[in-house]
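Below are the chains, spelled out letter by letter.
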Amino acid sequence: RRCPVPAGGDAPGTAGWEALRESLQQILEEAAAAAEGTVPLSNLKRLFQSRFGVELSETALGHAKLSELLQDPRIRDLCTVKLEASGHVLVPSRKPAARSRISLVEGLGFAEAAARTATQPAPLLEVLAPAPAAPKGRSRPQPLCFEELASTPTTP
């Protein structure tokens, strides 16, 4: 449930959105480096007061509960709130892993064509040209011709 935000913006002595993001990032980085890796929600307001000298007020930022504030889209990318046996904790969000590009063309031994098509599209005639010969020791698969299959007599 959203609460009305004071007309003057941030209340004096309370963390605004920018200070909340910066302080939260610092707290979460330190938690990620520590053995437990999480921050108990019950300690968060005390940490803001003791470490940064500002009050963390969810109502000053427009939320009725601290857990709702921490799920706000403006800081959702930093952390998630999870319920553990010891209570609610903040868990640092993981950065998405860099995706690697997979190319079937490169895996089939046609690396030159893959490198060329990565920089410029191949002319239509090259695309329609016969495929290069298979490396020594491997036979190239032959295309299946449906007309030949239909005309081949079957033996009972």
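Model, not experiment: these values are computed from the prediction.

Reading the values: rules and limits
- Residues numbered from 1 in each chain as written.
- Predicted model: local features only at pLDDT ≥ 70, side-chain atom pairs only at ≥ 80, totals over all residues.
- Heavy atoms only, no water.
- Helix = DSSP H or I, 4+ residues; strand = E, 2+ residues; numbered from the N terminus.
- Buried < 20%, exposed > 50% of the residue type's maximum accessible area, 1.4 Å probe, protein only.
- Contact = heavy atoms within 4.5 Å.
- Areas by Shrake-Rupley, 256 points an atom, 1.4 Å probe, with all protein chains shown as cover.
- Core = buried A, V, L, I, M, F, W, Y, C linked by side-chain atoms within 4.5 Å.
- Pairing = 2+ DSSP bridges.
- Axes fitted to C-alpha atoms, helices over the stretch in contact; angles between N-to-C directions.
- Salt bridge = Lys/Arg side-chain N within 4 Å of Asp/Glu carboxyl O.
- Expected span 1.5 Å × (residues − 1).
- Arc of directions from axis to C-beta.
- Parallel < 35°, antiparallel > 145°, perpendicular 65-115°, else oblique.
- Nonpolar A, V, L, I, M, F, W, Y, C, P; charged D, E, K, R; others polar.
- Phe/Tyr/Trp six-rings, centres within 6.5 Å; stacked < 30°, edge-to-face > 60°.
- Lys NZ or Arg CZ within 6 Å of the ring centre and 35° of its normal.

**Student:** Explanation requested: the overall build of the protein in the structure shown.
**Tutor:** Looking only at helices and strands, the protein features seven helices and three strands. The linear arrangement of helices and strands in the protein, starting from the amino end, is α-β-α-α-β-β-α-α-α-α. Burial analysis of the protein (156 residues in total) assigns 24% to the buried set. Long-range contacts, defined here as pairs at least 24 residues apart, represent 55% of the contacts in the protein between residues at least 6 apart. In the structure as shown, the protein presents an accessible area of about 11700 Å², 57% of it carried by carbon and sulfur atoms.

**Student:** Where do I start with the nonpolar core in this structure?
**Tutor:** The nonpolar side chains of soluble globular proteins are, as a tendency, buried together. Core analysis: the biggest nonpolar cluster contains 22 residues, and Leu20, Leu24, Val39, Leu44, Phe48, Leu70 and Leu90 have the highest contact counts within it. With near-sequence residues (within four places) excluded, leucine 20 lies in contact with Ala15, Phe48, Leu56, Leu61, Leu69 and Ile75.

**Student:** It is not clear to me how the sheet that holds strand E2 (residues 79-84) should be interpreted in this structure. Could you clarify?
**Tutor:** Hydrogen bonding along the main chain pairs the strands of a sheet, whether they run parallel or antiparallel. Strand order in the open sheet made by the three strands is E1-E3-E2, with antiparallel pairing throughout. Every other strand in the sheet has two partners, leaving strand E1 (39-40) and E2 as the edge strands with one partner each. Direction of pairing for E1 relative to strand E3 (residues 87-92): antiparallel, over a ladder of two bridges. In the strand pairing of E3, proline 40 is matched with valine 89. In the packing of helix H1 (residues 17-33) onto the sheet, contacts are made with E1, E2 and E3, and the angle to E3 comes to roughly 95°.

**Student:** Before we go on, may I ask you to explain the pattern of salt bridges in this structure?
**Tutor:** Where charged atoms from two side chains of opposite charge come close, those side chains can pair. Throughout the structure, instances matching the rule amount to four salt bridges. Salt-bridge contacts for arginine 51 lead to glutamate 30; the nearest nitrogen and oxygen are separated by 2.7 Å. In this pair, arginine 51 sits in helix H2 (residues 41-52) while glutamate 30 sits in helix H1, placing the two residues 21 residues apart along the sequence. Arginine 51 sits in the partly exposed class, given a relative accessible area of 36%. Here aspartate 72 and arginine 74 are joined by a salt bridge, their closest N and O atoms 3.0 Å apart. Judged by its relative accessible area of 39%, arginine 74 falls in the partly exposed class.

**Student:** What should I look at first to understand H1 in this one?
**Tutor:** Side chains of residues three or four places apart in an α-helix project in the same direction, reflecting 3.6 residues per turn. Between its terminal C-alpha atoms H1 stretches 24 Å, which fits the 24 Å expected from 17 residues at 1.5 Å a residue. Looking at H1, one finds that the buried residues are Trp17, Leu20, Ser23, Leu24, Ile27, Leu28 and Ala31. In an axial view of H1, the angular spread of the buried residues amounts to 135°, which keeps them on one side of the axis. For H1, exposure combined with an orientation more than 90 degrees from the buried face picks out Glu18, Glu29 and Ala33. In this structure, the buried residues of H1 make contact with E1, H2, helix H3 (66-69), E2 and E3.

**Student:** So what exactly am I meant to see when it comes to the packing of H1 against H2 here?
**Tutor:** Packed helices, taken two at a time, are described by the angle their axes make and the gap between the axes. Where H1 meets H2, the axes come as close as 11 Å, and the angle between the chain directions of the two elements is 100°. Between H1 and H2, the crossing angle belongs to the class labelled roughly perpendicular. Contact residues: H1 offers Ala19, Leu20, Ser23, Leu24, Gln26, Ile27 and Glu30, while H2 offers Leu44, Leu47, Phe48, Arg51 and Phe52. Looking at the contact of H1 with H2 residue by residue, the class counts come to eight nonpolar, two polar and two charged.

**Student:** I'm lost on the packing of aromatic side chains in this one. Help?
**Tutor:** The geometry of an aromatic ring pair is captured by two quantities: the separation of the ring centres and the angle between the planes. Applying the stated criterion to the full structure yields one aromatic pair. Stacked on the ring of tryptophan 17, the Lys or Arg arginine 74 has its end atom at 3.9 Å from the ring centre.

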